[in-house]
Amino acid sequence: MNNMQELDDASLPIFKVERVQLQFSISSDFVAAQVANNVLILALSTGRILRIDLDSPSDIDDIDLPRKTSEIGLIRRMFLDPSASHLIINTTLGENYYLHTQSRQPKPLARLKGVGIEAIAWNPSLPTASTREILVGAADGNVYEDYIEPSSEFYRNQEKYLKAVYKAQDGPVAGLWVDLIPGRVDTRRVIVATPSKLLHFVGKIGRPGQEGSGSIFTKLFETEAPTLHEMTPSTRSSPSALAVSPDSPESQSGEGDEVERVYAWLSAQGILHGKLQTNTRSASLGSTVFNNSKMISRSQIPLSQSASGRKKPTQEPIAGVALSQWHVLCLVEGRIVALHRLDEHVVYDQVVLEPGESALCLLADQKKNTYWLFTNEVIFEIVVTDEDRDVWKIMLKSQQFSLATQYAKTPSQKDAVAMACGDYLISKGQYLEAANVYGKSSRPFEQVALTFIDHSEQDALRRYLLTKIATYRRSSIMQRTMIASWLVEIFMSKLNSLDDTITTKAQLTESTTTADTKDDLASVRTEFEDFVNRYKGDLDRKTTYEIISSHAREQELLSYATAIDDYNYVLSYWVQRERWQESLDVLKKQTDPSIFYRYGSVLMVHAATELVDILMRHPDLDPLKLIPALLNYNKSKSNTPLAQNQAVRYLLFCINALHTTVPAIHNTLISIYASHPSPSENALLSYLSTSSLSNPPPYDTDFAFRLCIQNSRVQSAVHIYTSMGSYASAVDLALKHGEIDLASLVADRPGSTDSALRKRLWLAVAKKVISQQGTGSIKTAIDFLKRCDLLRIEDLIPFFPDFVVIDDFKDEICAALESYSRSIASLESEMDASAATAESIKTDIKQLDRRYAIVEPGERCRVCELPLLSRQFFVFPSCQHGFHSDCLGKKVLDGSGLTVRGRIRELQAQIGRGGRREKEGRELDALVAGQCILCGDLAIKAIEEPFISDADDGEEWAI
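The rules behind the values
- Residues numbered from 1 in each chain as written.
- Predicted model: local features only at pLDDT ≥ 70, side-chain atom pairs only at ≥ 80, totals over all residues.
- Heavy atoms only, no water.
- Salt bridge = Lys/Arg side-chain N within 4 Å of Asp/Glu carboxyl O.
- Helix = DSSP H or I, 4+ residues; strand = E, 2+ residues; numbered from the N terminus.
- Buried < 20%, exposed > 50% of the residue type's maximum accessible area, 1.4 Å probe, protein only.
- Contact = heavy atoms within 4.5 Å.
- Pairing = 2+ DSSP bridges.
- Patch = residues over 30% accessible without salt bridge, like charges linked within 9 Å, V, L, I, M, F, W, Y side chains within 5 Å.
- Areas by Shrake-Rupley, 256 points an atom, 1.4 Å probe, with all protein chains shown as cover.
- Lys, Arg positive; Asp, Glu negative; His and termini not counted.
- Charge placed at Lys NZ, Arg CZ, Asp CG, Glu CD.
- Axes fitted to C-alpha atoms, helices over the stretch in contact; angles between N-to-C directions.
- Parallel < 35°, antiparallel > 145°, perpendicular 65-115°, else oblique.
- Phe/Tyr/Trp six-rings, centres within 6.5 Å; stacked < 30°, edge-to-face > 60°.
- Lys NZ or Arg CZ within 6 Å of the ring centre and 35° of its normal.
- 1 Å grid on protein atoms, 1.4 Å probe; cavity = no way out; pocket = protein on both sides within 12 Å on 5 of 7 lines; lining within 4 Å.
- Points joined across faces, edges and corners; volume = space filled by probe spheres on them.
- Nonpolar A, V, L, I, M, F, W, Y, C, P; charged D, E, K, R; others polar.

Chemist: Teacher, can you tell me more about the pattern of salt bridges here?
Modeler: Side chains that differ in sign of charge can pair as their charged atoms come close. If you walk through the whole model with that rule in mind, you get 36 salt bridges. Between Lys113 and Glu95 there is a salt bridge, with the nearest N and O atoms lying 2.2 Å from each other. One end of the pair, Lys113, is in the loop between β9 (107-108) and β10 (117-121); the other, Glu95, is in the loop between β7 (86-91) and β8 (96-100), with 18 residues separating them in the sequence. Lys113 gets classed as exposed once you look at its relative accessible area, which sits at 52%.

This is the structure we're talking about:
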């Protein structure tokens with residue numbers, strides 16, 4: 001599709017003249033026309049002006065001049081600014097009018113009355129509400145500065161001022177142009193064209209106190225001398241004009257820098273054209289512009305042919321000129337002829353006008369890059385299509401390769417430019433530059449490579465291969481791999497060559513020093529690293545290792561391995577050379593756990609502290625897989641103090657910081673603690689004490705105990721027995737190894753909760769203590785055993801030797817006998833008291849049968865206050881209180897708990913069912929009449945009850 005599009009664009013002509021069909025009919029002839037910013041202005045012979053917006057052709061403004069043509073003459077010329085905001089109209093009788101784009105009423109320009117306007121230079125700051133300062137060229141050679149400000153009042157003067165600023169001596173002003181000089185705010189360039197002279201002014205303008213209050217160009221024309229380009233005056237009258245190229249598409253879109261414009265001056269000798277350069281000093285700017293300009297003579301334009309096919313014998317002058325971006329458009333003998341600005345060859349030559357038909361003007365829209373030809377009756381548009389299509393060819397012919405590349409559009413065009421540029425650079429011996437260009441061309445790979453090899457240009461070959469590999473697609477695996485491998489070989493050879501030069505100080509030219517060679521070495525090394533990082537996917541690992549190794553390039557070997565993340569190779573390399581710091585530097589950057597496991601053992605032996613620092617920064621590692629490395633380190637560093645043991649440090653980190661409960665980790669730590677040659681067990685005991693708080697402990701107790709026994713860690717073994725609750729075994733073990741103090745501490749562990757066990761443990765300790773003391777110091781042994789309050793002398797006697805002298809512990813025996821005597825006396829006293837109490841109880845039992853109470857005839861129930869003898873009652877002999885049975889039962893029910901209350905009701909129900917219920921009756925009597933309700937527990941509970949209940953009348957208690 002793209003190829004077809006390119007073919008279509010190439011097959012279309014650059015220029016094509018098309019007749020414009022208006023959507024309405026016009027009966028009058030055209031007398032003048034202007035086009036700007038897609039607005040078309042037509043002046044009719046009747047004095048009417050048609051303003052047409054080409055974006056909406058049906059929208060037409062029909063405007064009449066304020067006076068009839070018989071009074072002011074026909075419209076002669078019109079001048080429209082590039083933004084289509086301001087229109088100035090000149091008539092044949094010297095009347096001038098101004099029309100703003102938002103107005104339909106032309107206003108007379110009184111100060112310009114009688115001036116035959118030939119050209120206007122618009123202010124470069126447009127668009128603005130006013131015209132600001134403009135230059136007006138007249139037929140009498142005068143140049144005026146004018147300032148027009150539109151007003152809604154018809155009779156108000158539109159012009160702020162009008163001043164003649166320059167006078168051309170050789171005829172009318174054919175053209176004017178004003179533009180800004182970038183970077184110089186107060187500087188202007190003014191070009192004045194006459195039929196035989198072209199004047200170039202550059203200088204500073206004046207600045208009046210207020211805008212529009214006075215002339216700004218007077219200072220420029222008075223102080224600056226123009227640069228002059230003069231032609232020989234023609235003997236016959238011929239048109240003269242000044243044309244400037246339209247705005248470039250880049251400047252309209254805001255892309256890139258301001259593009260220099262091109263001018264074309266039409267005179268009798270032809271067309272002088274060139275760039276309006278701005279990057280030269282003001283003093284020489286005009287000379288630079290004119291010196292770089294070229295002349296298109298009339299003879300360069302083909303002659304017209306007559307109706308019979310013969311060329312006309314005489315040449316008519318060029319009638320009009322306009323500029324496109326790359327071409328000069330000429331109106332010659334009714335033909336539109338387009339010549340390319342760069343080489344002035346004819347691109348287009350087409351007859352447009354009929355014989356005898358004359359043209360009004362040839363115009364260009366400065367903003368929209370459209371081109372128009374007007375006659376009295378017809379409008380033609382010169383359609384331009386892809387006019388820069390051949391620019392690259394012309395640039396290529398003139399060996400301007402960068403510009404040719406810029407304007408080449410298709411891949412084939414760019415390729416042709418690249419090959420031609422490469423050939424040119426080779427011919428000039430610029431091999432490095434040629435390598436860059438060839439790399440982007442389709443020139444056969446082997447041809448270019450052999451060219452550089454034949455000329456011994458290895459640097460250029462390297463540059464070419466680097467450029468070429470970037471042009472291959474990822475799918476071209478074989479080509480990319482081949483070039484990449486070749487580049488590795490070239491890089492290694494270059495690096496070795498530079499190293500040899502530095503070492504031998506050979507082959508140094510007068511302009512090359514050892515420092516320069518070292519800089520080259522660093523540059524090539526950096527270039528190689530960049531290459532590897534970019535194209536590591538195209539390099540075969542094995543082949544690359546072999547190439548670099550064959551050149552013994554250690555740094556590059558490691559650089560490549562690092563680039564492809566082959567850290568196993570890098571680490572293996574440094575480890576084999578026992579470069580431990582370099583190994584650790586590589587390890588610091590790793591995240592793959594397998595690398596830590598693989599190289600942990602060797603690094604623990606030679607750089608344990610730094611390695612553990614690194615391991616502690618990787619909590620994701622599995623400590624189990626590092627145990628072999630830790631044990632290997634501990635074996636080789638067995639005499640290292642535990643406080644400096646890095647294996648212990650890492651294991652404690654896992655336990656305390658990572659809170660690991662894996663038994664193997666804890667067992668490993670115990671193994672290191674237990675097997676350490678230090679006689680102190682403090683570290684092991686501290687760990688065991690802390691770990692014993694967990695239930696069950698995180699280590700294998702059987703394994704730990706065996707290690708402690710194997711390494712004679714008695715205290716630790718006893719601690720393990722104790723933590724398991726095996727106090728007897730702990731005491732036996734301690735006593736077996738003569739640790740009596742330790743055994744006594746363990747014997748006290750059961751405490752008061754299990755006195756029997758504690759006594760049994762202390763008896764074992766006593767046996768050991770007495771057996772150790774023998775007959776020499778039994779008293780010392782007995783003093784030691786006084787630490788346990790459960791032991792008695794009689795418990796210890798069996799452990800004494802058969803021939804021990806009693807004098808050694810007679811005080812203890814006497815004290816024991818006295819203690820027994822006191823105990824016997826206490827028991828006898830207690831027995832006497834018990835006998836007296838029993839006798840008293842017997843007496844009380846006998847008196848119970850003879851207890852009675854006297855009830856008076858008028859005695860009343862203490863609850864209902866009714867006579868007590870009126871129905872069944874209870875009397876309490878001890879307090880003489882009497883109650884009816886039912887009253888007493890009710891009170892007991894109300895004051896008893898739920899259990900007693902439920903039982904009373906149950907018994908009442910059983911008795912109410914009849915039959916002999918003696919047992920139930922006795923139980924009920926015991927519950928109801930067990931105690932007096934006024935003297936017993938119920939009375940005490942009644943303290944919490946208020947004096948006045950809800951059923952009582954509170955007023956009775958009022959005072």
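Chemist: What should I look at first to understand helix α15 (residues 554-563) in this one?
Modeler: Here α15 lies mainly inside the structure; seven of its 10 residues are buried. Three or more residues of α15 are buried, namely Glu556, Leu557, Leu558, Ser559, Tyr560, Ala561 and Ala563. If you follow the buried residues of α15, they end up packed against α12 (477-504), α13 (514-535), α14 (541-550) and α16 (567-576). Looking one or two residues beyond α15, the residue adopting positive phi is Asp565, at roughly 60 degrees.

Chemist: Please explain the side chain of Thr91 as it appears in this structure.
Modeler: Examined against the element boundaries, Thr91 turns out to sit in strand β7. Since its relative accessible area comes to 1%, Thr91 is described here as buried. Apart from residues no more than four positions distant in its own chain, Thr91 is found in contact with Ile72, Gly73, Leu74, Ile75 and Arg76.

Chemist: Looking at this structure, I do not really get the sheet that holds β8. What am I missing?
Modeler: Within a beta sheet, neighbouring strands are joined by backbone hydrogen bonds and run either parallel or antiparallel to one another. Pairing in this open sheet of four strands is antiparallel, and the strands run β6-β7-β8-β9 from one edge to the other. The sheet terminates laterally at β6 (75-80) and β9, the two strands that pair on one side only. Two strands pair when backbone bridges link them, and β6 and β7 are joined in this way by five bridges, in the antiparallel orientation. The residue of β7 that forms the bridge with Met78 is Ile89.

Chemist: Looking at this structure, I do not really get a negative patch on the surface. What am I missing?
Modeler: A cluster of acidic residues, Asp950, Asp952, Asp953, Glu955 and Glu956, forms a negative patch on the protein surface. You can see Asp952 is positioned in the segment after α35 (937-941).

Chemist: Help me out: how do you make sense of the sheet that holds strand β18 (residues 241-244) in this one?
Modeler: Pairing is antiparallel across the open sheet formed by four strands, whose spatial order is β18-β19-β20-β21. Looking along the sheet, the strands with just one partner apiece sit at the ends: β18 and β21 (294-297). On average, each strand axis in the sheet is inclined to that of its neighbour by 20 degrees, with strand direction left out of account. Of the pairings in the sheet, the one linking strand β19 (residues 262-267) to strand β20 (residues 270-275) comprises six bridges and is antiparallel in character. When the sheet's bridge partners are listed, Ala264 is paired in β20 with His273.

Chemist: Mind showing me how you'd approach the packing of helix α17 (residues 580-588) against helix α19 (residues 608-616) here?
Modeler: If you want to describe how two helices pack, look at the angle between their axes and the distance between the axes. Here α17 crosses α19 at 0 degrees, and the two axes come no closer than 11 Å. It follows that α17 is roughly parallel to α19 by the angle criterion. Contact residues: α17 offers Leu584, Leu587 and Lys588, while α19 offers Glu610, Leu611 and Ile614.

Chemist: How should I be thinking about unusual backbone geometry in this particular structure?
Modeler: A negative phi angle characterises most non-glycine residues, just as the trans form characterises most peptide bonds. Although it is not a glycine, Asp386 adopts a positive phi angle of roughly 50 degrees. Checked against the element boundaries, Asp386 lands in the loop between β28 (379-384) and α6 (391-397). Judged by relative accessible area, which is 23%, Asp386 ranks as partly exposed. Phi is positive for Ser456, close to 55 degrees, though the residue is something other than glycine. One can find Ser456 in the loop between α10 (445-454) and α11 (458-469). Overall, Ser456 belongs to the exposed group, its relative accessible area being 58%.

Chemist: Can you help me understand the pairing of β19 in this one?
Modeler: Where a strand is regular, its side chains alternate between the two sheet faces. Within β19, six of the six residues are buried, which leaves it mostly tucked inside the rest of the structure. Residues Val262, Ala264 and Leu266 point to one face of β19 and Tyr263, Trp265 and Ser267 to the other, with burial holding for every one of them. Relative to β19, β18 is paired through four bridges, and the arrangement is antiparallel. Its bridge partner lying in β19, Leu242 is registered against Trp265. Between the antiparallel neighbours β19 and β20 lie two residues.

Chemist: When you look at the packing of aromatic side chains in this model, what are you seeing that I'm missing?
Modeler: Remark: the centre distance and the inter-plane angle together describe each pair of aromatic rings, the angle taken between the planes. Applying the stated rule across the entire model yields 22 aromatic pairs. On the basis of an interplanar angle of 65 degrees and a centroid distance of 6.5 Å, the ring pair of Tyr438 and Phe452 is categorised as edge-to-face. Here the residue Tyr438 occupies a position in helix α9 (residues 431-438), and Phe452 occupies one in helix α10, the gap between them amounting to 14 residues. Look at Tyr438 and you get buried, because its relative accessible area is 5%. Put simply, the rings of Tyr438, Phe445, Phe452, Tyr464 and Trp486 touch in pairs and so form one group of aromatic residues. Directly above the ring of Tyr573 sits Arg577, whose terminal nitrogen or CZ lies 3.6 Å from the centroid.

Chemist: Looking at this structure, how should I read empty space enclosed by the protein?
Modeler: Where empty space is left becomes clear once a probe the size of a water molecule has been rolled over the atoms. Counting across every chain of the model gives three cavities of 30 Å³ or more. If you add up the space inside the largest cavity, you get close to 50 Å³. Forming the walls of the largest cavity are Ser238, Pro239, Leu266, Ser267, Ala268, Gln269, Gly270, Arg298, Pro317 and Ile318. The residue inventory of the lining of the largest cavity, partitioned by class, reads five nonpolar, four polar and one charged.

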